Amino acid sequence: MKTTLRKAIHQVDVMMAPLILSAVKEQNALNTYLFHALFRDEEELALNCCDPQQQVTVDTFRRFVAYHKSKGYTFVSPVDVLKGLDPDERYVMITFDDGYYNNLRALPILEEFNVPALFFISANHVRKGKAFWWDVAYREGKKAGMSDAAIDLEKEHLLTLTDDAIDSYLTRKYGPACFTPIGETDRPLTPDELNKFAQHPLVHIGNHTCDHAVLPNYNAAGIKEQIAKAQDILEDIVGYRPITIAYPCGEFNDTVLKVCREENIKLGITTQHAKNFSPQLYEPTNLLTLNRFTIWGKEDLISQCDFYRSDFHVLDKMKGMIKRLKAKV
Ligand SMILES: [Zn+2]
């Protein structure tokens, strides 16, 4: 389907969502949400010192939690999910990927509403205090006068590489110092900060590989190393072996799932935009490929939340129709 048509239908779906929610009871499910960096405010975002990603500020995050509380959602941790959820309830699980220092800003909000969150940590970034490659590519690219489109294109290429190859590429282009974080906005947590953070009862720590590895770019040995070593490093820092993983960039394959089972990882989270329904939620295989929605700071928050909660999307119906027609040809 053409992008412009797809965007137009999506807009119709977004506009219709509040009406659908007021007319039809939404299906009970576990809705998992993805956040990355948590910017202090618009001013910090405007500094351009790191990839703006979803451009989510502390205020947006607070409104996100307040919205779901007001709609009667129960916030759960991975431990709650593994104990089994009540099929008659609606749930939210909050997740943050990567291990940014700025994720500490979520804590007062988690405490205010008494809700848990799951933080997926790229272990070597914390251990080495190394900046994330996408922030380096964005910051240095901007300094060098690259357009946003050119930076996006470069990032697309880097996503097909292993972490070693990405490091070599950016070091060759911008020099070895480029991986030194420039401040509180782009730096990862230190091991001490992570250790303290992880002791908080509302904070749960998960695996995000050693080097933020896009796992299908690695062979079987590489996949094993990226997942197992991250388990070791995180255990060393936080005192326990994670039982959850978020696949960097949502990418996984059969070898990845096999390694997760070997490492006793029980919950795996993708970036597939969908709710997690019961009873699929209780199949052990499905628990390693949970769906997750992304929140965008520059889009209207309530419209996005309504859209994700609504169970009727014209775009999905059309995609399904096209798929069925293609299968018949
Ligand atoms: Zn990530």
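Parameters at a glance
- Position numbers for residues start from 1 in each chain and track the written sequence from start to end.
- In keeping with the model being predicted, local features are shown solely for residues with a pLDDT of at least 70 and side-chain atom pairs are shown and tallied solely at 80 or more, while totals for entire chains, interfaces and linings include all residues.
- Here the side-chain values reflect all heavy atoms present in the structure, with hydrogen atoms and water set aside.
- UniProt positions are given in the numbering used here, feature names are shortened, and annotations may be inferred rather than shown by experiment.
- The helix count covers DSSP runs of H or I at least four residues long, the strand count covers runs of E at least two residues long, and both are numbered beginning at the N terminus.
- We call a residue buried when its accessible area falls under 20% of the maximum for its residue type, exposed when it is over 50%, and partly exposed in between, using a 1.4 Å probe and counting protein chains only.
- In this analysis a donor is any N, O or S atom within 2.8 Å of a metal ion (3.2 Å for sodium, potassium and calcium), and since water is not included, sites may seem incomplete.
- Only residues whose relative accessible area exceeds 30% and that take part in no salt bridge are eligible for patches, with like-charged residues grouped when within 9 Å of each other and nonpolar side chains (Val, Leu, Ile, Met, Phe, Trp, Tyr) grouped when within 5 Å.
- Computed by Shrake-Rupley with a 1.4 Å probe, the accessible areas treat only the displayed protein chains as cover when residues are assessed.
- Any carboxyl oxygen of Asp or Glu that lies within 4 Å of a side-chain nitrogen of Lys or Arg is treated as forming a salt bridge with it.
- When DSSP finds two or more bridges between two strands, those strands count as paired.
- By convention, a crossover is right-handed whenever its connection, traced from the first strand over the helix to the second and viewed with the strands pointing away, goes clockwise.
- It only takes one pair of heavy atoms within 4.5 Å for two residues to be counted as in contact.
- Any pair of nitrogen or oxygen atoms within 3.5 Å is treated as a polar contact; in protein, a donor-acceptor pairing is required on top of that, and neighbouring residues in sequence qualify only through side-chain atoms on both sides.
- Residues grouped as a nonpolar core are buried Ala, Val, Leu, Ile, Met, Phe, Trp, Tyr and Cys residues, joined through side-chain atoms within 4.5 Å.
- Put simply, two rings from Phe, Tyr or Trp (the six-membered ring, in Trp's case) pair if the centres are within 6.5 Å, and we call them stacked under 30 degrees between planes, edge-to-face over 60, tilted for the rest.

- Per an unreviewed UniProt entry, the protein chain is named Polysaccharide deacetylase family protein, and its organism is Pontibacter fetidus.
- A UniProt comment under Subcellular location (unreviewed entry) is attached to the protein chain, and it reads "Secreted".

**Observations concerning unusual backbone geometry**
Here's step 1: Positioned with a positive phi, Asp-98 is a non-glycine residue whose angle comes to about 100°.
Here's step 2: A positive phi angle, close to 60°, is found at Cys-249, a residue other than glycine.
Here's step 3: If you trace the backbone, Cys-249 turns up in the loop between strand S6 (244-246) and helix H12 (254-262).
Here's step 4: Residue classification places Cys-249 among the partly exposed positions, given a relative accessible area of 36%.

**A few points about the coordination of the zinc ion**
Here's step 1: The zinc ion binds to the protein through Asp-98 (OD), His-208 (NE2) and His-212 (NE2), with metal-donor distances spanning 2.1 to 2.2 Å.
Here's step 2: Taken in chain order, the donor set of the zinc ion reads D-x109-H-x3-H. Of this pair, Asp-98 sits in strand S3 (residues 91-98) while His-212 sits in the loop between strand S5 (203-207) and helix H11 (220-238), and the two are 114 residues apart along the sequence.
Here's step 3: For His-212, a relative accessible area of 7% translates into the label buried.

**As for a nonpolar patch on the surface**
Here's step 1: Taken together, the side chains of Val-79, Leu-82 and Ile-243 present a nonpolar region at the surface, about 190 Å² in accessible area.
Here's step 2: Structurally, Leu-82 is set in helix H4 (residues 78-83).
Here's step 3: When its relative accessible area of 35% is taken as the criterion, Leu-82 is described as partly exposed.

**Overview of the pairing of S3**
Here's step 1: With respect to burial, S3 is a largely interior element, 8 of its 8 residues being buried.
Here's step 2: As paired strands, strand S1 (residues 30-35) and S3 are joined by 6 bridges and run parallel to one another. From the neighbouring strand, Leu-34 faces S3, where its bridge partner is Thr-95.
Here's step 3: In this sheet, S3 lies alongside strand S2 (residues 74-75) in parallel orientation, the contact comprising 2 bridges. Along S3, the bridge assignment pairs Thr-74 with Tyr-91.
Here's step 4: With 4 bridges joining them, S3 and strand S4 (residues 117-121) adopt parallel strand pairing. Across the sheet, the residue bridging to Asp-98 is Ile-121, located in S4.
Here's step 5: Traced from S3 through helix H5 (residues 107-113) to S4, the parallel crossover comes out right-handed.

**Digging into helix H14 (residues 301-309)**
Here's step 1: By the criterion of burial, H14 is predominantly enclosed, with 7 of the 9 residues buried.
Here's step 2: Turning to H14, its buried residues number three or more, namely Leu-301, Gln-304, Cys-305, Asp-306, Phe-307, Tyr-308 and Arg-309.
Here's step 3: Buried residues belonging to H14 abut helix H1 (3-23), S1, helix H3 (58-70) and strand S8 (293-294).

**Quick notes on the side chain of His-208**
Here's step 1: Mapped onto the elements of the fold, His-208 is located in the loop between S5 and H11.
Here's step 2: What makes His-208 buried here is its relative accessible area of 0%.
Here's step 3: Here His-212 takes part through its side chain, which lies 3.2 Å from a polar atom of the side chain of His-208.
Here's step 4: Beyond its immediate sequence surroundings of up to four residues, His-208 is in contact with Asp-97, Asp-98, Phe-120, Ile-121, Ser-122, Ala-246, Tyr-247 and Pro-248.

**Examining the nonpolar core**
Here's step 1: Residues Phe-61, Phe-64, Ile-94 and Phe-119 are the most contacted members of the largest nonpolar core, which totals 46 residues.
Here's step 2: The element that contributes the greatest number of residues to this core is H11, accounting for 5 residues.
Here's step 3: In this structure, Phe-119 is in contact with Phe-96, Asn-103, Ala-106, Leu-110, Phe-197, Val-203, His-204, Ile-205 and Gly-206, ignoring residues within four places of it in sequence.
Here's step 4: Leu-45, Trp-134, Ala-137 and Leu-158 belong to the second-largest nonpolar core, a separate cluster that totals 18 residues.

**Points about the packing of aromatic side chains**
Here's step 1: Throughout the structure, instances matching the rule amount to 16 aromatic pairs.
Here's step 2: Aromatic pair Tyr-100 and Phe-132: ring centres 4.7 Å apart, planes at 50°, arrangement tilted. Of this pair, Tyr-100 sits in the loop between S3 and H5 while Phe-132 sits in the loop between helix H6 (123-128) and helix H7 (133-143); the two residues are 32 residues apart in sequence, bridging distant segments of the chain.
Here's step 3: Here the aromatic cluster, defined as three or more aromatic residues joined through ring pairs, consists of Tyr-33, Phe-35, Phe-61, Phe-64, Phe-96, Phe-119, Phe-197, Phe-293, Phe-307 and Tyr-308.

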